[in-house]
Amino acid sequence: MAGRLNELFATVTWVDKQGRRREYSTPQVARAISGDPSHDTTVSRVYLATLRSGTNTNPTVAVLRAIARFFDQRRADETPPITASYFLDEEDESQEFRRQLADRQVRMIAMRAGNMTPAVRRQVLQMLDILDQPTSDGSTTEQDGS
């Protein structure tokens with residue numbers, strides 16, 4: 001959990017008056033969480049520091065939700081939403097799934113597929129399988145549309 005929390009501190013940043021990217025400090029995050037009127041969770045900077053260091057490894061779900069809410073409200077638009085499950089989900093596959101869903105085109109394809117009949121979805125999957133087949137040189141037949 002400490003690794004994921006520290007990853008958020010490193011990647012969800014803000015821009016100062018001089019236009020420089022800055023990481024949020026532990027006290028800044030603790031104050032913002034404690035001052036958020038949308039929930040009754042408070043977090044001290046010392047407690048948050050123990051979560052970041054891995055000394056404390058058993059926060060409540062309410063604390064995880066409050067931390068996730070802080071970072072989710074400040075994340076870049078092109079990044080996937082941050083929820084409490086981010087801290088609990090140990091699977092790299094889930095992280096990869098979230099990373100892929102951050103791509104606008106992937107989301108558009110998924111949304112359109114959700115409106116298709118099961119028969120049409122099977123056809124689309126068959127077409128994708130054909131496009132993803134290896135060629136004689138070992139590469140796939142898929143093309144980069146950019």
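Going by the structure above, here's the rest.
Residues numbered from 1 in each chain as written. Predicted model: local features only at pLDDT ≥ 70, side-chain atom pairs only at ≥ 80, totals over all residues. Heavy atoms only, no water.

**A few points about the overall build of the protein**
Looking only at helices and strands, the protein features eight helices and two strands. Expressed as a percentage of contacts within the protein between residues at least 6 apart in sequence, the contacts between residues at least 24 apart total 39%. Entry remark: accessible area of the protein is about 10,500 Å², with carbon and sulfur atoms responsible for 52%. (Helix = DSSP H or I, 4+ residues; strand = E, 2+ residues; numbered from the N terminus. Contact = heavy atoms within 4.5 Å. Areas by Shrake-Rupley, 256 points an atom, 1.4 Å probe, with all protein chains shown as cover.)

**With respect to the pattern of salt bridges**
Pairing between side chains becomes possible if they bear opposite charge and their charged atoms approach one another. Under the definition given, this model contains four salt bridges. The shortest N-O distance in the salt bridge between D36 and R69 comes to 3.0 Å. Linking D36 in the loop between α2 (26–35) and α3 (45–53) with R69 in helix α4 (residues 61–74), this pair joins segments that are 33 residues apart in sequence. On the accessibility criterion, D36 (15% relative accessible area) is buried. Relative accessible area serves as the criterion here: at 35%, R69 is assigned to the partly exposed category. One network of salt bridges, with partners in common, ties together D16, R20 and R22. (Salt bridge = Lys/Arg side-chain N within 4 Å of Asp/Glu carboxyl O. Buried < 20%, exposed > 50% of the residue type's maximum accessible area, 1.4 Å probe, protein only.)

**Some words on the packing of α2 against α4**
Between two packed helices, what matters for the description is the angle formed by their axes and the separation of those axes. Where α2 contacts α4, the two axes come as close as 10 Å, and the packing angle between them is 105°. Taken together, the axes of α2 and α4 lie roughly perpendicular to each other. Of α4, the residues touching α2 (which contributes V29, A32 and I33) are A66, I67, F70, F71 and R74. Among the residues forming the contact of α2 with α4, the class breakdown is seven nonpolar, no polar and one charged. (Axes fitted to C-alpha atoms, helices over the stretch in contact; angles between N-to-C directions. Parallel < 35°, antiparallel > 145°, perpendicular 65-115°, else oblique. Nonpolar A, V, L, I, M, F, W, Y, C, P; charged D, E, K, R; others polar.)

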